[in-house]
Amino acid sequence: MSRLEEHLRTTLRDRAADSAPQPDLWASVTDRVRRDQRRRRGIIAVAAALVVGAAGVTIPLVSRDDHHRPVTPVVHESDGWAPPAWPEPTFPMQLTWVPGDAGTRGVAQVGVNVRLEYTDGESILSAEFGPLQAGWETEAEHTHSTTVSGLTAEVHTSSQYDGSGPGDQYVGIRWQRPDGKWVTVLSWGPRSESEVRRFAGGLKDTGTVPAGKPPFTLATVPPGLTLDQQADGMMCLAPPDVVVMQRTGNSPLCVSFEDPAEVDLEPPMENLTINGRPAVYYDELHQIVITWNPSQALIITWSSLPLTRDDAIRFATGVS
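Visitor: Kindly report on the side chain of glutamine 109, identifying the contributing residues and their values.
Guide: Checked against the element boundaries, glutamine 109 lands in strand S4 (residues 104-110). With a relative accessible area of 12%, glutamine 109 lands in the buried category. Looking at glutamine 109, its side chain comes within polar contact range of the main-chain oxygen of glycine 111, at 2.9 Å.

Visitor: How would you summarise the pairing of strand S13 (residues 226-231) if you had to cite specific residues and measurements?
Guide: Regular strands show a simple pattern: their side chains alternate between the two faces of the sheet. In terms of burial, S13 is largely enclosed, as six of its six residues are buried. The pairing of S4 with S13 spans two bridges and is antiparallel. Note that in S13 the partner of valine 110 across the bridge is glutamine 229. Bridge count between S13 and strand S14 (residues 234-238): five bridges; the pairing is antiparallel.

Visitor: An account of the packing of aromatic side chains is needed here, citing residue identities and associated values.
Guide: Scanning all chains against the criterion turns up four aromatic pairs. Relative to phenylalanine 257, the ring of phenylalanine 216 lies with its centre 5.0 Å away and its plane at 50°, an arrangement referred to as tilted. Taken together, the residues phenylalanine 216 in the loop between strand S12 (209-210) and S13 and phenylalanine 257 in strand S15 (residues 253-258) connect sequence positions 41 residues apart. For the residue pair phenylalanine 216 and phenylalanine 257, the accessibility class agrees, reading buried in each case. Seen from their ring centres, tyrosine 281 and tryptophan 302 are 6.1 Å apart, and the 20° between their planes marks the pair as stacked. Of this pair, tyrosine 281 sits in strand S17 (residues 277-282) while tryptophan 302 sits in the loop between strand S19 (296-301) and helix H5 (309-317), placing them 21 residues apart in sequence. For the pair formed by tyrosine 281 and tryptophan 302, the shared burial category is buried. Taken together, the aromatic side chains of Phe216, Phe257 and Trp292 make up a single cluster linked through ring pairs.

Calculation criteria
- Residues numbered from 1 in each chain as written.
- Predicted model: local features only at pLDDT ≥ 70, side-chain atom pairs only at ≥ 80, totals over all residues.
- Heavy atoms only, no water.
- Helix = DSSP H or I, 4+ residues; strand = E, 2+ residues; numbered from the N terminus.
- Buried < 20%, exposed > 50% of the residue type's maximum accessible area, 1.4 Å probe, protein only.
- Polar contact = N/O pair within 3.5 Å; in protein donor to acceptor, adjacent residues only side chain to side chain.
- Pairing = 2+ DSSP bridges.
- Phe/Tyr/Trp six-rings, centres within 6.5 Å; stacked < 30°, edge-to-face > 60°.

Here it is as structure tokens:
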């Protein structure tokens, strides 16, 4: 085991033991990653401003494009870096009935769980499967029991929720299978409780639903990491022994798209060019921001991963 891998496993195991993962809607997971990125940029920028103010002088934030330093480091064959080897996320149940107004389907990796989700604007219908219970996400006005495929299930309902429109309601159904795995079906939108129960009862073990093409292709990843979170426009990696302990939480390495308008602070930085695209390396933030296109910035964050500058650039160069 390399020193990088040993350090990573120790750090992430300690962090996982300190705080239990909090259940929340998958969209809020991706938002939280982006909020954390913006928050950390803001903290560094404010800290720099305080230092300048205390000194009573004007000190410009560092911005350089050092042509004497290699952008693409040398790849060593024996350092443990390798192409991704994890299987494609797959929702392990077949759907035999879906409401006609469900919307666009997607499959997300949520730590050790897998989430199937249909979205149509603000309307969401999801099913999450795995060894960890998914949260209810919305406070219920009423609760009662029902049966799903012969198993006792808990039902939560509410006639309104934050963002609900006329005719919308919240319905949540959760049950545990004989193999110990949990299935949680959640609906926000115009569907009735009977429709959500029908959708839940139509989840069978006779097939699977693959996630399809991932949001990013990674040429190579640091040693000891596997897929932890994956959804539209976002991918996070963590050690396997951390992944099995959480649904969402302490992913040490994340790649995500963000609106360039949100990337508007300038802490100490280094200007780079990565694969022909303008990029900024933030040493204190542990981030690289790449101008992907006029409407998207690619954010790479390694919060607790002991990557060097060359390691980070090496990983970023392999993202496509």
